[in-house]
Amino acid sequence: MNFNFSDDQALFSESLQKYLNDNVTTKSIREFWTDNTHFLSSRWKELEELGFITANLDESIGGMSLDLITIALLVEKIGYSGMPEPIAEQLFLANPLINEFSSQINHNEYLAVAHDLAPHPNFLEDSKQLIFFQDQNPYLIDIEKLKIRSLESNDPSRSIYDFEANNLDDATKLESEKNLYEQVQNYGMVMSSALLLGLSKRIIDSAKLYTCDREQFGKPIGSFQAVKHMLADVAIEIEFTNALVYRAASSIQKNCSNATLHAAQAKFQSIKACEIASKNGLQAHGAMGYTWEMDLHIFVRKGWSYKGIWGSRPFVENLVFNNLKKDLPKLGATYTFMDNND
Amino acid sequence: MLLLKKETQNLITMKIEFTESQNQFRSEIRDWFSKNVPSKPLASFDTKEGFEEHREWEKTLNQGNWSMVTWPTEYGGRALNLIEWLIFEEEYYRANAPARVNQNGVFLLGPTLMEYGTDDQKSKFLSAMAEGDHIWSQGWSEPNAGSDMAAIRATAFRNNDTFIINGQKTWSSRAAFADWTFGLFRSDPESERHRGLSFILVPLDQKGVTVRPIPQLDGEPGFAEIYFDNVEVDASCMIGDEGQGWEIAMATAGFERGLMLRSPARFQETASRLLKLYFDNQDVLSPSIASRVTHCWMQAEAYALNIYQCASKVMAGDKIGSESSLSKVYWSNLDHEMHQIAMDILGISSELKNEYLNNAASWIKGYMFSYSGPIYAGTNEIQKNIISERLLGMPRK
């Protein structure tokens, strides 16, 4: 049992962090907003060359077969940066499917994925193919065979679409032993949890800087206990999200029978953390927090979207509750890390 | 860039599962508890009779060498690491073993003595503590020094080989029946605030000591006032140097807030009992109760995972400092919420102190106790100051 990241994991995520700090500025995000249909393909290429985009592809198709805990750590950094490019989606949703159907899917491209929990694929027009589910069965289809319509997201960093297949015969049904519908659902829950965790950390960092800088009554507003306690409440919820996200990633990686339960728990707590970070973080910025000019809303809006998709609060709460009902005898302290099959 | 790819190929990752030897250790404890935990619950350790029953349990634990499991073997412990400690605690709560009447000694003073005590002090106090012969109480707070502990006024003035102690301590946990107390006293009459304080151990049967038990909300004397009237204590009862008291007390408070006393297992077991209470009564309950019960179960798990993560950090050589303030606020609020929900479910039985149906009596006692969580070991308001100032770096003034 060891919850520490290895030196390699830390090194890998720090190098991504460095890239993001240097390249994904709030200015560059705002520039994207003015032309929000396509993501920066140059940035995608760079991240691909650095090995991040293909990190969890199988080695046989040019990846590094990285484990999901490391991937979750990377996605948390992506969340922190506010980057519009759908790297998180590629790592968590597309790559595991590409590994499974490597002969049918072009593994050098962004692959859009749609699911009942997130039916409006992000950056669909930047993808050549789409994987979607019909009656929980997975299908692969070329984008040109789809009728698509752009939708406006509350988060201008997301470029989302409605789609319709003209004819289901245009799509290839993907045959698998696994329940891919549930697999993508679980991956989606953990992906959005890791993003929300990173976003929450960004929001509290912004609030911290602002309250140390802004002065009223002759001193920084961050010296007032009412403000301090408000941000302490945020720090507490963030702290208790970390380990849940890593455990969920680990359970998926190990094919643990509790993977769905653990993913739902991670999502629930990360929604809670992002909710209080957004509420108290914006409050700490005062009226400035309610302006378009202040960068804070870049992160609040992204959190807003990912709270709702890939497992909303009531959805994940129901998942957990139904599990509790089913497994009442196996809920005590000695079962935290047990597989229910044990 | 290619270099990066190559370097990360044999990535060793975080391991979130128990090893074979950890699982074996778990079954060893489970086996011992199944044979040794008293079948009938003991009386409350805040009664004279219950205190002695719990002293006996301390002795039983010690006979099995399960009393001070995290202490080094040279002091009679098992030198368990923190992960093993968590496993031990999970089994402890699973077995519903009696509460530790000597927790002030075993978890607070013991580690403090090991760090700051002389060899003589260690040999005199550690074994008596382990054997249950010395049960310890805490002597920090005073009537005018609560959250502001540096305002301490009780004095211990040096007179050759003794200290003469005068003043008053209050909220001293377990002092009603304990054998000894440890605490901070002002040894330099000219000093102010954190300076000039010394950490001194005082036998409660010493001449000049008056203990006045204070009944808590449940009516039992869980803490007491201690009056010192020219109490003479041998100078060998001082831990560390004169004036070093504050530093030592902070180390002790660190242990206290840390994971030793607030095992996640305690809250997870409460959460499981709460779920059972819910499912036994669900036909007459509203959807909001189902939701709240679910949240609590998830929070108890989140707390456990966080503590495993902290334990991993400590084992890798990191120090846990102000981070323990995050846990303190979290577990104390969680514990209160779980008992509050139980009261909501019990409804008309929630006032029946002796009702056995639905374990009402036990929930009622726990509910009362859960009001103390956000207060003791540093109030949650103080903890939030620590979080914002020391973890977030917000300005003190």
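Summary of the structure given here.

Basis of the calculations
Residues numbered from 1 in each chain as written. Chains lettered and ligands numbered in written order. Predicted model: local features only at pLDDT ≥ 70, side-chain atom pairs only at ≥ 80, totals over all residues. Heavy atoms only, no water. Helix = DSSP H or I, 4+ residues; strand = E, 2+ residues; numbered from the N terminus. Rg over C-alpha atoms; globule rule 2.2 N^0.38 Å. Contact = heavy atoms within 4.5 Å. Areas by Shrake-Rupley, 256 points an atom, 1.4 Å probe, with all protein chains shown as cover. Lys, Arg positive; Asp, Glu negative; His and termini not counted. Charge placed at Lys NZ, Arg CZ, Asp CG, Glu CD. Buried < 20%, exposed > 50% of the residue type's maximum accessible area, 1.4 Å probe, protein only. Pairing = 2+ DSSP bridges. Salt bridge = Lys/Arg side-chain N within 4 Å of Asp/Glu carboxyl O. Buried area = accessible area lost by both parts, 1.4 Å probe. Polar contact = N/O pair within 3.5 Å; in protein donor to acceptor, adjacent residues only side chain to side chain. Nonpolar A, V, L, I, M, F, W, Y, C, P; charged D, E, K, R; others polar. Expected span 1.5 Å × (residues − 1). Phe/Tyr/Trp six-rings, centres within 6.5 Å; stacked < 30°, edge-to-face > 60°. Lys NZ or Arg CZ within 6 Å of the ring centre and 35° of its normal. Core = buried A, V, L, I, M, F, W, Y, C linked by side-chain atoms within 4.5 Å. Axes fitted to C-alpha atoms, helices over the stretch in contact; angles between N-to-C directions. Parallel < 35°, antiparallel > 145°, perpendicular 65-115°, else oblique. Left-handed = near helix turned anticlockwise from the far one by under 90°. Patch = residues over 30% accessible without salt bridge, like charges linked within 9 Å, V, L, I, M, F, W, Y side chains within 5 Å.

**Quick notes on the overall build of chain B**
Then comes step 1: When its secondary structure is counted, chain B shows twelve helices and eight strands.
Then comes step 2: On C-alpha atoms alone, chain B measures out to a radius of gyration of 23 Å, which is about the 21 Å that the 2.2 N^0.38 rule sets for 397 residues.
Then comes step 3: Once the C-alpha set of chain B is aligned to its principal axes, its extents read approximately 70 × 65 × 50 Å.
Then comes step 4: Considering only contacts within chain B whose residues lie at least 6 apart along the sequence, 71% involve residues at least 24 apart.
Then comes step 5: In the form shown here, chain B has an accessible surface area of approximately 17,600 Å², with 50% of it arising from carbon and sulfur atoms.
Then comes step 6: Here chain B contributes 39 positively and 52 negatively charged side chains, and the mean placements of these two sets differ by 4 Å.

**Remarks on the overall build of chain A**
Then comes step 1: Assigned secondary structure in chain A consists of ten helices and eight strands.
Then comes step 2: The C-alpha atoms of chain A give 20 Å as radius of gyration, which agrees with the globular expectation for 342 residues (20 Å, within 12%).
Then comes step 3: Each principal axis of the C-alpha atoms in chain A carries an extent, and together these give about 70 × 55 × 35 Å.
Then comes step 4: Within chain A, buried positions represent 62% of all 342 residues.
Then comes step 5: Across chain A, contacts joining residues at least 24 apart in sequence account for 71% of those joining residues at least 6 apart.
Then comes step 6: Across chain A, the mean location of the 31 positive side-chain charges is 7 Å away from that of the 45 negative side-chain charges.

**Description of the sheet that holds strand 1 (residues 112–113) of chain A**
All names here are of chain A.
Then comes step 1: Reading across from one edge, 1-2-3-6 is the order of the four strands in this open sheet, with mixed pairing throughout. For this open sheet the edge positions go to strand 1 and strand 6 (172–173), each flanked by a neighbour on one side alone.
Then comes step 2: Note: strand 2 (residues 129–134) against strand 3 (residues 137–142), six bridges, orientation antiparallel. From the neighbouring strand, Ile131 faces strand 3, where its bridge partner is Leu140.

**A look at the pattern of salt bridges**
Residues and elements named next belong to chain B.
Then comes step 1: If you walk through the whole model with that rule in mind, you get 38 salt bridges over all chains.
Then comes step 2: The partner of Glu91 in a salt bridge is Arg30, with the nearest N and O atoms 2.8 Å apart. Separated by 61 residues along the polypeptide, Glu91 in helix 4 (residues 82–94) and Arg30 in helix 2 (residues 20–36) bring together distant segments of the chain.
Then comes step 3: With relative accessibility at 31%, the residue Arg30 sits in the partly exposed group.
Then comes step 4: Taking the shortest distance from any N to any O, the salt bridge between Arg174 and Asp46 comes out at 3.2 Å. Here the residue Arg174 occupies a position in the loop between strand 3 (162–173) and strand 4 (180–186), and Asp46 occupies one in the loop between helix 2 and helix 3 (48–63), the gap between them amounting to 128 residues.
Then comes step 5: Its relative accessible area of 10% is what places Arg174 among the buried residues.
Then comes step 6: Connected through salt bridges with shared partners, the residues Arg26, Arg30, Glu90 and Glu91 form a single ionic network.

**Describing the pairing of strand 5 (residues 159–165) of chain A**
Residue and element names in this part refer to chain A.
Then comes step 1: Bridge count between strand 4 (residues 146–152) and strand 5: seven bridges; the pairing is antiparallel. Across the sheet, the residue bridging to Glu152 is Ser159, located in strand 5.
Then comes step 2: Between strand 4 and strand 5, which pair antiparallel one after the other, the connecting turn spans six residues.

**Focus on the interface of chain A and chain B**
Then comes step 1: The interface is formed by 66 residues belonging to chain A together with 63 residues belonging to chain B.
Then comes step 2: The junction of chain A with chain B conceals about 6,000 Å² of combined surface from both sides, 67% of it contributed by carbon and sulfur atoms.
Then comes step 3: Of all residues in chain A, Met1, Phe3 and Phe240 of chain A bury the most surface against chain B, accounting for 13% of the area lost on that side.
Then comes step 4: Taken together, the connections running from chain A to chain B amount to 21 residue pairs in polar contact (both at pLDDT 80 or more).
Then comes step 5: It is helix 7 (residues 225–253) of chain A that provides the largest number of residues to the side of chain A that touches chain B, a total of 18 residues.
Then comes step 6: Its residues assigned to classes, the side of chain A that touches chain B shows 32 nonpolar, 19 polar and 15 charged.

**Quick notes on helix 6 (residues 119–130) of chain B**
All names here are of chain B.
Then comes step 1: The first and last C-alpha atoms of helix 6 sit 16 Å apart over twelve residues, in line with the 16 Å expected at 1.5 Å per residue.
Then comes step 2: Among all positions of helix 6, only Gln121, Lys122, Phe125, Leu126, Ala128, Met129 and Ala130 are buried.
Then comes step 3: Looking at the buried positions of helix 6, the neighbouring elements they touch are helix 3, helix 5 (103–116), strand 1 (136–139), strand 4, strand 5 (197–203) and strand 8 (238–239).
Then comes step 4: Gly132 occupies a position one or two residues after helix 6 and carries a positive phi of about 80°.

**Some points on the packing of aromatic side chains**
Then comes step 1: Evaluated as defined, the whole model comprises 48 aromatic pairs over all chains.
Then comes step 2: Three or more aromatic residues joined by ring pairs form one cluster here, namely Phe25, Trp32, Phe33, Trp57, Trp66, Trp85, Phe88, Tyr92, Tyr93 and Phe107 of chain B.
Then comes step 3: A cation over a ring is seen here: Arg158 of chain A above Tyr306 of chain A, with NZ or CZ 5.0 Å from the ring centre.
Then comes step 4: Residue placement shows Arg273 of chain B over the ring face of Trp363 of chain B; its charged tip is 4.5 Å from the ring centre.

**Structural notes on unusual backbone geometry**
All names here are of chain A.
Then comes step 1: Although it is not a glycine, Asp135 adopts a positive phi angle of roughly 50°.
Then comes step 2: Note on placement: Asp135 falls in the loop between strand 2 and strand 3.
Then comes step 3: Overall, the relative accessible area of 67% leaves Asp135 in the exposed class.
Then comes step 4: Non-glycine residue Asn255 carries a positive phi angle of around 60°.
Then comes step 5: We classify Asn255 as exposed; its relative accessible area is 70%.

**Looking at helix 4 (residues 68–81) of chain A**
Residues and elements named next belong to chain A.
Then comes step 1: Taking 1.5 Å as the rise per residue, helix 4 with 14 residues should run 20 Å; its terminal C-alpha atoms sit 20 Å apart, in good agreement.
Then comes step 2: The buried count for helix 4 comes to 13 of 14 residues, which makes it a mostly enclosed element.
Then comes step 3: Where helix 4 begins, the side chain of Asp67 points an oxygen toward the backbone nitrogen of Ile69, at a separation of 3.0 Å.
Then comes step 4: Gly82 occupies a position one or two residues after helix 4 and carries a positive phi of about 75°.

**Overview of the nonpolar core**
Then comes step 1: Formed by 234 residues in total, the largest nonpolar core has its most connected members in Ile165, Leu201 and Leu274 of chain B.
Then comes step 2: For Ile165 of chain B, the contacting residues outside a window of four places in its chain are Thr155, Ala156, Phe185, Ile200, Val202, Phe228, Asp229, Asn230, Val231 and Val233 of chain B.

**A few points about the pairing of strand 2 of chain A**
Then comes step 1: Extensive coverage of strand 2 of chain A is indicated by the burial of five of its six residues.
Then comes step 2: Taken together, strand 2 of chain A and the strand that follows it, strand 3 of chain A, pair antiparallel across an intervening segment of two residues, in which Asp135 of chain A is found at a positive phi of about 50°.

**So, the packing of helix 8 (residues 259–284) of chain A against helix 9 (residues 296–308) of chain A**
Residue and element names in this part refer to chain A.
Then comes step 1: At a minimum axis separation of 10 Å, helix 8 and helix 9 run at an interaxial angle of 150°. Relative to helix 9, the element helix 8 is oriented roughly antiparallel. As helix 8 packs across helix 9, the resulting crossing turns out to be left-handed. Contacts from Lys267, Ile271, Cys274, Glu275, Ser278, Gly281 and Leu282 in helix 8 reach Leu296, Val300, Gly303, Tyr306 and Lys307 in helix 9.
Then comes step 2: The residue makeup of the contact of helix 8 with helix 9, split by class, is six nonpolar, three polar and three charged.

**Considering a nonpolar patch on the surface**
All names here are of chain B.
Then comes step 1: Together, Leu217, Met368 and Tyr371 line one region of the surface with nonpolar side chains, adding up to about 310 Å² of accessible area.
Then comes step 2: Mapped onto the elements, Met368 comes out in helix 11 (residues 360–370).
Then comes step 3: The class of Met368 is partly exposed, set by a relative accessible area of 31%.

**Looking at the packing of helix 9 (residues 287–315) of chain B against helix 10 (residues 323–346) of chain B**
All names here are of chain B.
Then comes step 1: Between helix 9 and helix 10, whose axes approach to 10 Å, the crossing angle comes to 155°. Taken together, the axis directions place helix 9 and helix 10 in an arrangement best described as roughly antiparallel. Here the hand of the crossing between helix 9 and helix 10 comes out left-handed. Along the contact surface, helix 9 presents Ile289, Arg292, Val293, Cys296, Gln299, Ala300, Ala302, Tyr303, Asn306 and Ile307, while helix 10 presents Ser327, Tyr330, Trp331, Leu334, Glu337, Met338, Gln340, Ile341, Asp344 and Ile345.

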